[in-house]
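Now for the letters of each chain:
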Amino acid sequence: MGCPIRIVRRAAWTVALIIGMSVMEFAVAQSGAPAIDESGSTLMYPLFQSWITAYRQVDEKLQIRAAAAGSGAGIAQAIARQVQIGTSDAYMSDNQAMANPHILNIPLAISAQTVDANLPELRGSSLKLSGPVLADIYSGKIRQWDAGPIAQLNPGVRLPHNSIVPIRRADGSGDTFIFTQFLSFSTADEEDATGYGKWGDKIGYGTTVNWPAAPGILMVSSNQQMVDTLAKTPYSVGYLGGSFQAGADKAGLITAMLENQDGKFLLPNAETITSAAAELTPRTPADERLTLVFAPGADSYPLINYEYAMVADQQPNQQTASAISNFLLWCIAPQGGSVASLLDPVHFIPLPTAIRARSEIQIAKIR
């Protein structure tokens, strides 16, 4: 009597393998243990890998799979219900939010973005850049590293007379969203007869934008590709998620000090990121869609952002809803996923208490 059962079971394994399901995935499906797929932000990918490993000590049965597809893909896949968690450095646009009111934008942590340059003659030195100068570089107006506007920001520094190679993201990227917001906000009051001023009026911001045709510009499709391309391209400049800073340092890249609203040039660290977040915490709305870029305050680093989980408020069953909710609550908990040992290596900081409370309210809507 036992033989037919074994045959049926073996046939089921065979079908599972034919349709591309792994033995482990089939076992999870058969046992009823929940599984969560995450995809999106390449900036968040290293943190999610650490979270997945650490969370096994909390729930060893939960299967979590992570993929680095870019923030634009993370938002799209969450909307299409192709993944349970879509991650993004950018919140959903007003149009996306209105069209998809069932998708929650839940901050999990705060990260910074850097601007890095490959200047062989200046390795070990400092470099100051501003939003307006970067806007002119990416517009093609500033072509040489020793051009007047850069030299004025860096008195006493022997800048090379070499052509600048700007690098940008080609994919739908939250890093592009953050960087182009910085260019837009920092040039908002500019008047430029050449047509390159007021980036926000001409180009704007988003996960993708209609970039100017700057001579020599290169394109990449992830943070890792940005590091690799910067490293092999002398005199290049690009924008990079903070979780990839170790790779930038190893490659000998210079992380630029960026000018904030108060005219101070700062590097990202726990103090300058926390200061910027504190300035805008009171302005964060209930749906938590808010930019932290170019925050006021003398000690505010200008390129920081909430890192979002995009999650549908209605899940297929209570088991899945509970698994997602429990995991996200753990991610933002001070003694859970937001401990320094997990956030510090990727240069993230935990949510302020008030923002964590708002994220908890949003997570409670997952059913």
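Structure report, in brief. Note that the coordinates shown come from a computational prediction; the quantities given were computed from them, not determined experimentally. (Residues numbered from 1 in each chain as written. Predicted model: local features only at pLDDT ≥ 70, side-chain atom pairs only at ≥ 80, totals over all residues. Heavy atoms only, no water.)

## Thoughts on the side chain of Asn-154
Topologically, Asn-154 is positioned in the loop between helix H7 (148-153) and strand S6 (165-169). Owing to a relative accessible area of 5%, Asn-154 belongs among the buried residues under this scheme. At 2.9 Å, the side chain of Asn-154 forms a polar contact with the backbone oxygen of Ile-150. Excluding residues that lie within four positions of it along the chain, Asn-154 makes contacts with Ser-126, Leu-127 and Lys-128. (Helix = DSSP H or I, 4+ residues; strand = E, 2+ residues; numbered from the N terminus. Buried < 20%, exposed > 50% of the residue type's maximum accessible area, 1.4 Å probe, protein only. Polar contact = N/O pair within 3.5 Å; in protein donor to acceptor, adjacent residues only side chain to side chain. Contact = heavy atoms within 4.5 Å.)

## Regarding the sheet that holds strand S11 (residues 265-266)
Across the sheet, which stays open at both edges, the three strands sit in the order S5-S10-S11 with mixed pairing between neighbours. Looking at the sheet topology across the chains shown, the edges are occupied by strand S5 (128-129) and S11. Relative to S11, strand S10 (residues 257-259) runs antiparallel, the two being bridged by two bridges. Across the sheet, the residue bridging to Glu-259 is Phe-265, located in S11. (Pairing = 2+ DSSP bridges.)

## Here's the deal with the packing of aromatic side chains
With the rule as written, the count across this model stands at 17 aromatic pairs. Seen in terms of ring centroids, Tyr-306 and Tyr-308 are 6.2 Å apart; in terms of plane orientation they differ by 85°. Their pairing is edge-to-face. Using a relative accessible area of 1% as the deciding quantity, one classes Tyr-306 as buried. Residue classification places Tyr-308 among the buried positions, given a relative accessible area of 1%. Each member of the aromatic cluster is reached from another via a ring pair, and the members are Tyr-91, Phe-177, Phe-185, Tyr-205, Tyr-306 and Tyr-308. (Phe/Tyr/Trp six-rings, centres within 6.5 Å; stacked < 30°, edge-to-face > 60°.)

## Some words on the environment of Ser-111
Structurally, Ser-111 is set in strand S4 (residues 103-117). Distance in space between the C-alpha atoms of Ser-111 and Ser-243 is 8.0 Å, their sequence separation being 132 residues. Apart from residues no more than four positions distant in its own chain, Ser-111 is found in contact with Leu-43, Gly-242, Leu-303, Ile-304, Asn-305, Glu-307, His-347 and Phe-348.

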